[in-house]
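Summary of structural features
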Amino acid sequence: MKRESARDAGALAASVIAGERSALDVARSTLDSIEEASELNAFLSVEADAVLERARELDASLAAGTETPGALFGVPVALKANLCLKGRELTCGSQLLRGYRPPYTATVVQRLLDAGAIPIATTNMDEFAMGSSGENSSFGPTLNPWCTEYTPGGSSSGSAVAVSAGITPLALGSDTGGSVRQPAALCGVSGFKPTYGRVSRYGLVAFGSSLDQVSPFANNVRDLELISSVISGRDRMDSTSLDRAPIRSAAREDLKGLRVGIPAEAFGDGLDDGVRACVEAALEQVRSMGAESVPVSLPHSEHAVATYYVVATAEASSNLARFDGVRFGQREDGDGSLAGMMAATREAGFGDEVKRRILLGTHVLSSGYYEAWYGRAQRVRTLIRNDYERAFESCDLILCPTSPTPAFRLGERTADPVAMYLSDILTVPANLAGLPALSTPCGTVEISDSVQLPVGLQWIGPALADEELLAAARCFQAETDFHLATPPTRGEQAPA
Amino acid sequence: MSEVLSKTSGVAWTPVIGLEVHCQLATKSKLFCGCANEFGAAPNTHVCPVCSGQPGALPVMNARALELALSAALALDCDIAPWSKFDRKNYFYCDLPKGYQISQFDKPYCTGGGVELASGKRIHLTRIHLEDDAGKAIHDRGPHTFVDLNRAGIPLIESVTEPELASADEAFEYLTLLKEVFQYVGASDCDMEKGSLRCDVNISVRLPGEELRTKVELKNLNSFRNVKAAIDFEIQRQIEAWESGDESKYPVQETRLFDPNRGVTRTMRAKEDAHDYRYFPDPDLPVLRVDPAELEELRRALPELPAARRARYVAEFGLSEYDADVLAAEREVSDFFERAVVGTDQVKETANWITNELSAARNERGPDASLAELGVTPEGLAEMVALVAAGTLSKAAGRKVLAAMIETNKSAKVLVAELGLEQVQDTGQLEAWCREALVGQEQAIADLKDGKQKAIGALIGQVMKASGGKADPSKTREILMKLALGDG
Amino acid sequence: MLPRPPSPGDPEPRAGTERSLAYNPAPLPSLESEAGGPQPEPMSNENTPAVRKCAELARLEITPEEEQRLGGDFERILEAFRGLTELDVRSVEPMFGAATRENVVREDETRASLETDELLAPAPRKDDGFFTVPKTVDGDA
């Protein structure tokens, strides 16, 4: 199997369409890679028969020549375990949904199917998307391919690793507070969260409804553009879906004339030195490519994590109420009453972090506390959004680190929820403000002689500027090779 | 001010009653998904990922539901809010698939408005809001509770009155008028038997001039009659409880269910836990803004409402208040009547044919039958009425013709010819029958000469029999009288 | 002010040793200096959130051990978020979600529903075309 095409979706689709490889061959080698990498625990369930059957159908349709092959023809795409594909087990990383097979398919997944992709469901994740390391999965944590003693980040852990380990060239995750960008940074791949509303949420199991976006992973920005053009665009099944055309590549040759905002608040004391060095070097590179950097201020940054957790947990406490043992999922009888059944089912089915967040969310919405917490957080959210609007008056996009630290060790932050929450400090603002944001690799930090850990550079744009944002990052990747670095155990190219 | 006398002490108490009425809107599909809005279907056959709360499913609002809700509000003179939003009302129950109801909390789509009772007293509405219905939990089908989600997601409007009703009769009247209005604008068929109208009562009693006392909620009222009975019972129950002098017996704030078999209310829960629904704006649904131009369109498209029609029937057509009430009560009937009297002066007669014969025929077909099903058009009825007015048909024959019109859908003229029901008005023929009838009726003749009109009935009957029902009764009477009085 | 995440070799974080990523945060206006207007409830340490009450509302049958542990987490989290309660937001409009559209509606048309067996397939208990649950007399769970 050509290693390059395992990391280049565009090239892979082209070669299948050209008849150089069959979809069946691609499917088989993907299944083999999944098997070989099973130690990483990136996949929860893979129905090999369904995958192979899909590949055969694609080959047959290509031979029949009845339809134009779609843009992702023959490309395997890993799906996070919270994206519905009819009839395939969907657990959201939770014991509560063991065995659940949704009776319908998510819009984004259907669009992948219509484009000829081979969905590989499902990848491991923090339970119900609540976590920043993958350690909240009830099926065991996913391991970082750069060093298996480290977490890959979360909550879209498995999807990040599928791409990072070269198993699939593309993966879908969901980003509510950084759950795609942060693991992208920690695993050395590119991850993109669109403007809120540009990609349908129909069929994405909801966590924080006003924050969630289906977000893709890839090894390069061109592939992010490719998959974004397939999955984005108005969906009449989602009332929050914007009436805009799908995301298309924007033309851009270089970064000349680009004004890049650098927020002081993102470079404060809490930033790891190694991360600071990589990011500042990347900023130098950006400047040398013709961009002008401009200092900007986002004064309400320090309240972003609190605001995010109040809003997200409130919405989650409501979104997860449907898991009551009545219509789907596992059921525990409890004391035999209806209320008892529900309480026992949820107690047994949810892990600690989920319970913590449901309790917190219930509290911030409860009578007497609403204005003090949820009502207030919704106002601070406006302040944060206004900070960015003001900043974008003097720049075209904002650059900063994606994560304050590189990947951290398994178990390092599990004792203190607040410490874990702070992993998201640089990513949550884009969700709060509904802005497009992506993370691209910008070097590695040397932890020891044998261990390098990747660092991510975050690009944040004004609302609806998805195309321009991606174009700038694409130009950056055309002139640099940070994104070509692969984890030592699986890739064939040594880090630059 | 309405008063109820205590059955034990004779003291006059004032009931304070407010009603919360839920009406299902008459849309084709549910509020947030495309499942059919249909009563009586086999269980769990109109359910989709959205209304069954499958993980990942999302709501999309039904435009027609908003239109009907606005029409209902306009018909009640409500103040329409320029914008409104949906909130989640969070609680757990087996018939609530999402674990929350999508409702409207602090920004309902309208406020104010009201209904005027016959007495002239106006019952004000506090607000009306939109929300989605829950499924059905059936407890008496077996050893478990059975859940059917067909009803989950059906659009509802909940209208809340100020606590201004003061008697069971007023409550009954209010419900009747509300139902009329909603039916008129096509918002809902308000059928309690089908569950498209549900009513909860909030009730307390107080002595004249006092502050409000503890209020109790009544549920499980499945007919207007039961609403009345429940209120009547509860008023006395509360009065007795207060008059007992025993604090432990005083009414407590609780929810009580009405038992229609025994005619009593009983406690639903030992102690009412105040629900904390943790309302917050539903992030899946954007704000609803009402376009003033579209609102004007809806206002213009409103039909003339029952109260106005009643008044017009009395003033313009000279109908009695009773007749006007009956005709105006249902829009279909009222529209039918108005078309049937176009260009005629047979207003009273037409009204009678509609309220008597046509209504009876409709009722025979079942409780949900419409006038339209009978196959008689307003113009067709008018034709028949005209024939009776012209004397071509006797009233009895008219009834036969109408029955045949319903059965065959043929016109009156055609049927009259087919059935040979034309009234005989030919004096010669009538005289012949009359003479025959008078044979051997010396006593009757004598009575008639004496001024005792009773005897004429049987004689007319004889003539009708001889003529196979076709003799013109009034002409017959004339001729009989002439012959009887003129004879001998 | 939020503590930075711990790294290996760091001393245990103590309450009060808080450092922030803000480069040089300007002090925010405090509530006490504002006159008039409704003041939101400040969060105080005495106001320990009733974890058990929340657990009941959320239908979570937590154990006493969980109540203890999660209760502790609760307090620490809300304390860390304290800064939120000290901001003056009286003149700021809340963001009702992130949706920027209005009046997103669909036509009143029926679409195919799920087949009953499709719908009931994932159900833990079912009977004769219905979902089944433990019997309840009336009211809510």
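Residues numbered from 1 in each chain as written. Chains lettered and ligands numbered in written order. Predicted model: local features only at pLDDT ≥ 70, side-chain atom pairs only at ≥ 80, totals over all residues. Heavy atoms only, no water.

Moving on to the overall build of chain B. Helix and strand content of chain B: 15 helices and 19 strands. Since a compact globule built from 488 residues should have a radius of gyration of about 23 Å, the 30 Å found for chain B marks it as more spread out than a globular shape. Taken over the C-alpha atoms alone, chain B extends approximately 95 × 55 × 50 Å along its principal axes. Counting only contacts in chain B whose residues sit at least 6 apart along the sequence, the fraction spanning at least 24 positions is 67%. Of the roughly 21,200 Å² of accessible surface on chain B, 50% is carried by carbon and sulfur atoms. Taken together, the 57 basic and 75 acidic charged side chains of chain B have centroids lying 2 Å from each other. (Helix = DSSP H or I, 4+ residues; strand = E, 2+ residues; numbered from the N terminus. Rg over C-alpha atoms; globule rule 2.2 N^0.38 Å. Contact = heavy atoms within 4.5 Å. Areas by Shrake-Rupley, 256 points an atom, 1.4 Å probe, with all protein chains shown as cover. Lys, Arg positive; Asp, Glu negative; His and termini not counted. Charge placed at Lys NZ, Arg CZ, Asp CG, Glu CD.)

Let us look at the domain arrangement of chain B. According to the domain assignment, chain B contains domain 1 (4-294), domain 2 (304-419) and domain 3 (427-484). Computed from C-alpha atoms alone, the centre-to-centre distance between domain 1 of chain B and domain 3 of chain B is 63 Å. (Domains from an automatic or database assignment.)

Contacts between the two partners involve 52 residues from chain B and, on the opposite side, 33 residues from chain C. Counting the surface lost from both chain B and chain C, the interface buries some 3,800 Å², and carbon and sulfur atoms represent 58% of this. Viewed at the interface, chain C and chain B are joined by two salt bridges. Glu 102 of chain C is paired through a salt bridge with Arg 289 of chain B; the nearest N and O atoms lie 3.0 Å apart. Taken together, the connections running from chain B to chain C amount to 23 residue pairs in polar contact (both at pLDDT 80 or more). Looking at the side of chain B that touches chain C, the elements with two or more residues in it are strand S3 (61-62), helix H1 (63-75), strand S12 (145-148) and strand S19 (288-289) of chain B. Top contributing element to the side of chain B that touches chain C by residue count: S12 of chain B, with four residues. Of the residues that constitute the side of chain B that touches chain C, the class distribution is 28 nonpolar, 14 polar and ten charged. (Buried area = accessible area lost by both parts, 1.4 Å probe. Salt bridge = Lys/Arg side-chain N within 4 Å of Asp/Glu carboxyl O. Polar contact = N/O pair within 3.5 Å; in protein donor to acceptor, adjacent residues only side chain to side chain. Nonpolar A, V, L, I, M, F, W, Y, C, P; charged D, E, K, R; others polar.)

On to the sheet that holds strand S6 (residues 87-90) of chain B, then. Residue and element names in this part refer to chain B. The strand order S7-S6-S18 describes an open sheet built from three strands, whose pairing is antiparallel. Strands with a single pairing partner mark the edges of an open sheet, and in this sheet they are strand S7 (100-103) and strand S18 (280-281). With two bridges connecting them, S6 and S18 associate as antiparallel partners. Across the sheet, the residue bridging to Asp 87 is Pro 281, located in S18. (Pairing = 2+ DSSP bridges.)

All names here are of chain A. For helix H9 (residues 273-288), spanning 16 residues, the distance from its first C-alpha to its last is 22 Å, which sits close to the expected 22 Å at 1.5 Å a residue. Taken together, the buried positions of H9 are Gly 274, Val 275, Cys 278, Val 279, Ala 282, Leu 283 and Val 286. Where H9 is buried, its residues meet strand S6 (259-263), strand S8 (397-401), strand S9 (437-446), strand S10 (452-460) and helix H16 (466-479). Taking the backbone nitrogen of Gly 274 as reference, a side-chain oxygen 2.7 Å away marks Asp 272 as the first, capping residue of H9. A positive phi of about 110° marks Gly 290, the residue just after H9. (Expected span 1.5 Å × (residues − 1). Buried < 20%, exposed > 50% of the residue type's maximum accessible area, 1.4 Å probe, protein only.)

Turning to the interface of chain A and chain C, a few remarks are in order. Opposite the 81 residues of chain A that make contact, chain C presents 69 residues. Interface area lost by chain A to chain C is led by Leu 359, Trp 373 and Arg 376 of chain A, which between them contribute 11%. Put simply, chain A and chain C have six salt bridges between them. The partner of Arg 125 of chain C in a salt bridge is Asp 333 of chain A, and the shortest N-O contact between them spans 3.5 Å. Across the chain A-chain C interface, the total number found is 18 residue pairs in polar contact (both at pLDDT 80 or more). Contributions of two or more residues to the side of chain A that touches chain C are made by helix H10 (304-319), helix H11 (338-349), helix H12 (352-365), helix H13 (371-391) and helix H14 (417-421) of chain A. No other element matches H13 of chain A, which puts eleven residues into the side of chain A that touches chain C.

Residue and element names in this part refer to chain A. According to the stated counting rule, one finds zero disulfides over all chains in the structure shown. No disulfide involves Cys 92; its sulfur sits 7.5 Å from that of Cys 84, the nearest cysteine. Cysteine Cys 400 is unpaired, with the sulfur of Cys 442 as its nearest cysteine sulfur at 11 Å. (Disulfide = S-S within 2.5 Å.)

All names here are of chain A. Between its terminal C-alpha atoms helix H3 (residues 23-36) stretches 20 Å, which fits the 20 Å expected from 14 residues at 1.5 Å a residue. For H3, the full list of buried residues reads Ala 23, Leu 24, Val 26, Ala 27, Ser 29, Thr 30, Leu 31, Ser 33 and Ile 34. Where H3 is buried, its residues meet helix H2 (9-17), helix H4 (48-64), strand S1 (76-80) and strand S2 (118-123).

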